Amino acid sequence: MATTLYGIKNCDTIKKARKWLDEAGIDYRFHDHRADGLEPARLDGWLNQLGWEALLNTRGTSFRALPEEAKQGLDTAKARALLLEHPAMIKRPLLDRDGELTLGFKADHYQSLFSR
């Protein structure tokens, strides 16, 4: 079973998710968008599966710092370009467990995911 956690290492929620996975003894790989990059094909898969509305973190500082015109008229293509340019705007963490994607971290949800 392949499990990858995507995010950025200094994010508090990523730290909580990694701590939970470590304490639960879950074997996973951590992919840091800033250090490891973001492949356009991978992003396209996420966009197809989750939709840009779920993937784009509009409450984070990276999004809020954008000029107003960059935030207007968002659609899949515009959100894709923003996420490729600023991968820190992807909601975190993004957990990929054998192709099943989970956004965000809640301990009880992770518990149910990994107890199946």
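Everything quoted here is computed from the prediction, not taken from an experiment.

Draft legend 1. Summary view of the pattern of salt bridges. The tally for this structure, following the rule as stated, stands at four salt bridges. Across the salt bridge formed by Glu-23 and Lys-19, the nearest N and O atoms sit 3.0 Å from each other. With Glu-23 and Lys-19 both in helix α1 (residues 12–23) and four residues apart, this pair spans about one turn of that helix. Taking the shortest distance from any N to any O, the salt bridge between Glu-39 and Arg-42 comes out at 3.6 Å. According to the relative accessible area criterion, Glu-39 is partly exposed, its value standing at 44%.

Draft legend 2. Seen up close, helix α7 (residues 76–85). Taken as a whole, α7 has its buried residues at Ala-79, Leu-82 and Leu-83. Take α7 and look down its axis: the buried residues cluster within an arc of 95 degrees, on one side only. Opposite the packed face of α7, turned more than 90 degrees from it, sit the exposed residues Ala-77 and Glu-85. Buried residues belonging to α7 abut α3 (40–50), α4 (52–55) and α6 (68–71). The opening residue of α7, the one whose side-chain oxygen lies 3.2 Å from the backbone nitrogen of Ala-77, is Asp-75.

Draft legend 3. Geometry of the sheet that holds strand β1 (residues 3–7). Read from one edge to the other, the open sheet built from four strands follows the order β2-β1-β3-β4, with strand pairing classed as mixed. The open sheet has two edge strands, β2 (29–32) and β4 (100–103), and neither has a second partner. Going from strand to strand, the sheet's axes swing by 20 degrees on average, the running direction of each strand aside. In the packing of α3 onto the sheet, contacts are made with β1, β2, β3 (94–97) and β4, and the angle to β4 comes to roughly 80 degrees.

How each quantity is defined
Residues numbered from 1 in each chain as written. Predicted model: local features only at pLDDT ≥ 70, side-chain atom pairs only at ≥ 80, totals over all residues. Heavy atoms only, no water. Salt bridge = Lys/Arg side-chain N within 4 Å of Asp/Glu carboxyl O. Helix = DSSP H or I, 4+ residues; strand = E, 2+ residues; numbered from the N terminus. Buried < 20%, exposed > 50% of the residue type's maximum accessible area, 1.4 Å probe, protein only. Arc of directions from axis to C-beta. Contact = heavy atoms within 4.5 Å. Polar contact = N/O pair within 3.5 Å; in protein donor to acceptor, adjacent residues only side chain to side chain. Pairing = 2+ DSSP bridges. Axes fitted to C-alpha atoms, helices over the stretch in contact; angles between N-to-C directions.

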